[in-house]
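# Summary of the model geometry
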Amino acid sequence: MSAATLDVAWARRFVTLATETVVEHRVELSELDREIGDGDHGENLARGFTAVAAAVDGSSAETVGGVLKLVATTLMSTVGGAAGPLYGTAFLRAAKVSDAPEIDAEGVHTLLDAGLEGIVARGKANVGDKTMVDAWTPAVAAAQSSAASGASPAEVLRAAADAAQQGAVDTDPLVALKGRASYLGERSVGHRDPGAASSALLLDAAARAAQA
Amino acid sequence: MSAATLDVAWARRFVTLATETVVEHRVELSELDREIGDGDHGENLARGFTAVAAAVDGSSAETVGGVLKLVATTLMSTVGGAAGPLYGTAFLRAAKVSDAPEIDAEGVHTLLDAGLEGIVARGKANVGDKTMVDAWTPAVAAAQSSAASGASPAEVLRAAADAAQQGAVDTDPLVALKGRASYLGERSVGHRDPGAASSALLLDAAARAAQA
Amino acid sequence: MKKLINDPSTVTQEAVEGFVAAHEDIVVQLDGLVVARKGGAVQGKVGLVSGGGSGHEPLHAGFVGVGMLDAAVPGAMFTSPTPDPILVATKAADGGAGVLHIVKNYTGDVLNFETAAELADAEDIEVATVVVNDDVAVEDSLYTAGRRGVAGTVLVEKIAGVAAERGDDLQAVLAVAQKVNAQVRSMGVALTACTVPHAGKPSFDLAEDEIEIGIGIHGEPGRRRIPLASADEITDLLLDPVVEDLGLSGGENVLLLVNGMGGTPASELSIVYRHARKQLEARGVTVARSLVGNYVTSLEMQGASVTVLVLDDELTALYDAPVRTAALRWEL
Amino acid sequence: MKKLINDPSTVTQEAVEGFVAAHEDIVVQLDGLVVARKGGAVQGKVGLVSGGGSGHEPLHAGFVGVGMLDAAVPGAMFTSPTPDPILVATKAADGGAGVLHIVKNYTGDVLNFETAAELADAEDIEVATVVVNDDVAVEDSLYTAGRRGVAGTVLVEKIAGVAAERGDDLQAVLAVAQKVNAQVRSMGVALTACTVPHAGKPSFDLAEDEIEIGIGIHGEPGRRRIPLASADEITDLLLDPVVEDLGLSGGENVLLLVNGMGGTPASELSIVYRHARKQLEARGVTVARSLVGNYVTSLEMQGASVTVLVLDDELTALYDAPVRTAALRWEL
Ligand SMILES: Nc1ncnc2c1ncn2[C@@H]1O[C@H](COP(=O)(O)OP(=O)(O)O)[C@@H](O)[C@H]1O
Ligand SMILES: Nc1ncnc2c1ncn2[C@@H]1O[C@H](COP(=O)(O)OP(=O)(O)O)[C@@H](O)[C@H]1O
Ligand SMILES: [Mg+2]
Ligand SMILES: [Mg+2]
Ligand SMILES: [Mg+2]
Ligand SMILES: [Mg+2]
């Protein structure tokens, strides 16, 4: 049975697992980006999360929000490209609503919702534009109903991660309207959005961190 | 039975056949040059002889030497590279000793000898340096003994052409000491010198022109 | 992948170090790989900062110097730089009269420069931003991230650079930059893809008889793929949309820039220039200024872009004014 | 073969036309594709003429202008020009003080310039000739056609050009040119071969993991083939023989030229420059002047060459003096 709250240990485990998964899927993410972008998404995130892992390792952050803020600023200053400011803002907003030693199931939903808001505020993409928003939007919706139904934080994250993964898969048939892939128009159809794919990986890491 | 002398008609037929053979072997000659040089020998000669054919066609030259002089100046001004001045000088020297309406067997030898002298004067290559000199030298020797043995001009040219062809083949195992192939040193071994190969083709055209 | 590199992860750093050493009379290197004008910010002059992913050299570091940029921020290969070094560059360029950010229109560049501008604002440096978007290959800018910034960027940097040099204030320099951006259009073609070092394989796949029309400068695929055609035909495919988009009707004076993508022989650029010029002249357009060479590249990509800038007296004079950078240099 | 061309047989002509049109403020085109300085020969000045096969752009036409060449003679692709256009160029360059022929040491170039010099002599134009042979890749010059002329040619043209400009007579200009040639050495590497348009296929075959050390600029194979190595290792393989041949022992001032073969990204040239400079400095050699870029190319070949010129006060001053050509330009 999973715990009723998540604490800073979860946030630190998340960083470890996120870094692992991003590094592991580096080539795959870049390959997705090569097909409809410029082929650097995996490299960008691997560089960023490697720096994040080192930063979090050396920090004495004691709240979930403290860790997430470090994730945000480190991503902002190491990733570059579109994903750097987008993920950076997402984690910054998430950090703001989670500056507590423990967060509960509804807190997880609030955190994810803040992250999505950050991405939208920065990137101004709509649902269906074939971006990471298409992974985060169903993830937040799933987290909301899961939390409302009384699930544990781990269950909320699992629901969010699964929805994000489905959201990423669902970008395949879309025509991109934002980001580099939009230059391809119809030719972007049939390819998965790399940012949606990496978002699903990150949320999966968050869910696995909660299960441990 | 072949004629005792060659006249301007022979020189004109030679130009026609030489142009044909050079154009036909354009790719092959450039390929030889690609292996141990810069890959332009066939192109250079095709460009040159196409111009030669047009020039001779439009000229009223009435002696063997007159035709050969036009060949010389046209090659000089259209071929470029190493082969342009070398063949140009060869034909110029040959023209000087053949400024007559008719030339006999000994005249053929004299003509070829003058050509070889021109090549050597200009390029300063020795026998065995893996250049066109290695085709011309045995050709001149063969022409000399053939003429001395009382052969017809056509037979002299055939002997020269066959010796040139053998000379070209015999450049295969040589290490180049002159021209672009010399930069390869030992690595030039096992390749035929393109200039020797084209010289054999030209002498074969001269021999065929005499048979007609 | 065959490259003259030591390690994909050190390419950008070593390249910047080498570049700065080779041009030590013109530039210095600051923290975070920033390349700045030697001698520091010019007091009272509007500072010009540009930047973006590496791999487009000489853009941008090659255009740092008198008459153009005060600082350039090279990101990782084909990846826009993060806000930190952009802030370093902005501070280095600030001579008290504000700083103009010249940003190519890519989501990553726009977002990172935006953040840096906020950070600069927090340090009381006034920042104005011009977003360059000259690439007509992007047709429906309503349904995309908008037109991209490509080779026209060089002309924005050159002309705004001189406006700053002659003492224009920030709003005036911005206005000149916007005017250039409004009057410049480009379109490119790729014959081959390029290979980003850490990717290790070509950014896209092109068959031996295919070319990509409307290519971006990051190896992003373009408008469409067509069979290889003659240089004149390809030039028409690049020039026509540019001329159309600018609405050239004859009588205009223009600057014609034929830009190489990095792996194109100079002779081929001359062949493209020759035809583009002929076609412009046939439409009654006067080619008053010309630039032919590698200015905004995509690593070793073979291909070219055609850029047309509509000139007036002001832009012509600013373009002609002295410039002293590693990649563009003249005094008269 | 993917090229921005119309027809292999018109490449050189169209490229020259385009080049001249793009640089009409500096050059004019004469008969036989000759490119000459705008305004004609300078009376009383020694004229400088160079030429050779096309495909090495910007060499030589890109170096026609004030402070360098008076005329350039582009031959067919990789094929030295014939005597006729060399004579045209020689006449165009003659201001009554004689003409210096700057000839790269290839049998074809030497023979055709030789003939042209004889023809010029017949027209009472005094011609002196410097044969440039800076390529140390050719080891046993006794057993070959001798060392080849490669990237060092640009420095001979630049420095002799200024000597002529300042009024030196023909023998003095020749002496300066010979001095530069005596003190400059180069060596190059190819990562890929190039394709001559009319040949339609690469000039040599290199495996995906092989490079050719000591490559010539016509796609002639080099000293030896080795497996692909790091940029620093390759740079050492190019620089060491150059340093050795020059007998550098420390304390010298040198000019370091890192030349791209046409298809090499600028960033890679900077990486090569960075290491070459470090290595020279580690030997106590001062890199007083630097040039990094595409100056003597082999079409779209990927690769680079490293050139070192030992400077003294005279050569430094001549190198620094103003030059105004399409490809090299500075005033101060
Ligand atoms: N305007 C936007 N809003 C949300 N996400 C975006 C936007 N633009 C791009 N993205 C996301 O960024 C991803 C690309 O990231 P990355 O490859 O790192 O940056 P770049 O495109 O600069 O190379 C896309 O797959 C998409 O999910
Ligand atoms: N010094 C020389 N003497 C005689 N023949 C030479 C000499 N140098 C080169 N050649 C001949 O020229 C041929 C090459 O001609 P070509 O390819 O047209 O010229 P280039 O080497 O300038 O490209 C060689 O195969 C060789 O036979
Ligand atoms: Mg990307
Ligand atoms: Mg050849
Ligand atoms: Mg990117
Ligand atoms: Mg040749």
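The model shown is predicted, which means the values in this text are computed figures rather than measured ones. (Residues numbered from 1 in each chain as written. Chains lettered and ligands numbered in written order. Predicted model: local features only at pLDDT ≥ 70, side-chain atom pairs only at ≥ 80, totals over all residues. Heavy atoms only, no water.)

A cluster of like negative charges, contributed by C:Asp121, C:Asp124, C:Glu126 and C:Asp169, occupies part of the molecular surface. The topology assignment puts C:Asp169 in the loop between α4 (152–165) and α5 (170–183). (Patch = residues over 30% accessible without salt bridge, like charges linked within 9 Å, V, L, I, M, F, W, Y side chains within 5 Å. Areas by Shrake-Rupley, 256 points an atom, 1.4 Å probe, with all protein chains shown as cover. Salt bridge = Lys/Arg side-chain N within 4 Å of Asp/Glu carboxyl O. Lys, Arg positive; Asp, Glu negative; His and termini not counted. Charge placed at Lys NZ, Arg CZ, Asp CG, Glu CD. Helix = DSSP H or I, 4+ residues; strand = E, 2+ residues; numbered from the N terminus.)

So, on to the side chain of B:Asn44. Looking at where B:Asn44 falls in the secondary structure, it is placed in helix α3 (residues 41–57). Take B:Asn44: its relative accessible area is 3%, and that puts it in the buried class. Ignoring anything within four residues of it in the chain, the contact list for B:Asn44 reads B:Val79 and D:Thr79. (Buried < 20%, exposed > 50% of the residue type's maximum accessible area, 1.4 Å probe, protein only. Contact = heavy atoms within 4.5 Å.)

Contacts between chain D and chain C engage 56 residues on the former and 56 residues on the latter. For the pair chain D and chain C, the summed buried area comes to about 4600 Å², and 58% of that belongs to carbon and sulfur atoms. Sorting the residues of chain D by area buried against chain C places D:Lys2, D:Leu4 and D:Arg274 first, and these three jointly supply 19% of that buried surface. Close ionic contact of D:Arg277 with C:Glu24 constitutes a salt bridge, the shortest N to O distance being 3.1 Å. Counting only elements with at least two residues in the side of chain D that touches chain C, the list comes to α1 (11–22), α6 (231–246), α7 (266–282), β12 (286–293), β13 (303–311) and β15 (329–330) of chain D. (Buried area = accessible area lost by both parts, 1.4 Å probe.)

Each copy of the sequence occupies a distinct position, and chain D is placed on chain C by a rotation of 180 degrees and an axial shift of 0.0 Å, giving an RMSD of 0.0 Å. Such values leave the two copies arranged in the relation of a two-fold axis. Among all C-alpha atoms of chain D, that of D:Gly263 lies closest to the rotation axis, at 1.9 Å. Of all interface residues in chain D, 100% are interface residues in chain C too; the two copies therefore contact each other through one and the same surface. (Least-squares fit on C-alpha atoms with pLDDT ≥ 70 in both.)

We now examine the sheet that holds strand β13 (residues 303–311) of chain C. Residues and elements named next belong to chain C. The mixed open sheet is built from 6 strands, whose spatial order is β10-β9-β8-β13-β11-β12. The open sheet terminates on both sides in strands that have one partner only, identified here as β10 (224–227) and β12 (286–293). Neighbour-to-neighbour, the strand axes of the sheet open up by a mean angle of 20 degrees, direction not taken into account. Two elements, strand β9 (residues 210–213) and β10, share 4 bridges in a ladder whose sense is antiparallel. In the sheet register, Ile-213 faces β10, and the bridge partner there is Arg-224. Across the sheet, α4 touches β8 (184–190), β11 (253–260), β12 and β13, and the angle it forms with β13 is around 40 degrees. (Pairing = 2+ DSSP bridges. Axes fitted to C-alpha atoms, helices over the stretch in contact; angles between N-to-C directions.)

On to helix α3 (residues 41–57) of chain A, then. Counted at 1.5 Å a residue, the expected span for α3(A) with its 17 residues is 24 Å, and the 24 Å between its end C-alpha atoms agrees. Against the buried residues of α3(A) lie α1 (8–24), α2 (26–36), α4 (64–78), α5 (83–96) and α9 (194–211) of chain A. (Expected span 1.5 Å × (residues − 1).)

For ligand 1, the set of nearby residues contains 21 residues, the closest of which are A:Asp38, A:His41, A:Gly123, A:Asp193 and A:Gly195. Looking at the residues close to ligand 1, they fall on chains A and C. A:His41 has a polar side-chain atom sitting 2.9 Å from an oxygen atom of ligand 1. The backbone of A:Gly195 places a nitrogen or oxygen atom 2.9 Å from an oxygen atom of ligand 1. Contributing elements (two or more residues each) for the shell around ligand 1: α3, α5 and α9 of chain A. Looking at the shell around ligand 1 residue by residue, the classes come out as 7 nonpolar, 8 polar and 6 charged. (Near = heavy atom within 4 Å. Polar contact = N/O pair within 3.5 Å; in protein donor to acceptor, adjacent residues only side chain to side chain. Nonpolar A, V, L, I, M, F, W, Y, C, P; charged D, E, K, R; others polar.)

Let us now look at the interface of chain C and chain A. Facing 39 residues of chain C, the contacting portion of chain A comprises 29 residues. Between the two partners, chain C and chain A, sit 5 salt bridges. A salt bridge links A:Arg122 to C:Glu114, with the shortest nitrogen-to-oxygen separation between them at 3.1 Å. Our enumeration of links across chain C and chain A arrives at 13 residue pairs in polar contact (both at pLDDT 80 or more). If you tally residues by element for the side of chain C that touches chain A, the top one is helix α3 (residues 107–122) of chain C, at 7 residues. When its residues are assigned to classes, the side of chain C that touches chain A shows 13 nonpolar, 15 polar and 11 charged.

Moving on, we get to the site of ligand 2. Around ligand 2 sit 21 residues, and of these B:His41, B:Ala82, B:Gly123, B:Asp193 and B:Gly195 come closest. At ligand 2, the nearby residues belong to more than one chain, namely chains B and D. Within the side chain of B:His41, an N or O atom sits 2.9 Å from an oxygen atom of ligand 2. Within the backbone of B:Met132, a nitrogen or oxygen atom sits 3.0 Å from an oxygen atom of ligand 2. Out of a free accessible area of 570 Å², ligand 2 has 96% covered by protein chains. For the shell around ligand 2, the elements supplying multiple residues, two or more each, are α3, α5 (83–96) and α9 (194–211) of chain B. In the shell around ligand 2, the residues fall into 7 nonpolar, 8 polar and 6 charged.

Binding of the magnesium ion (ligand 4) to the protein goes through B:Asp33 (OD), B:Asp38 (OD) and B:Asp40 (OD), at separations of 2.1 Å. One chain supplies every donor to the magnesium ion (ligand 4), and in sequence these donors are spaced D-x4-D-x1-D. (Donors = N, O, S within 2.8 Å, 3.2 Å for Na, K, Ca; no water.)

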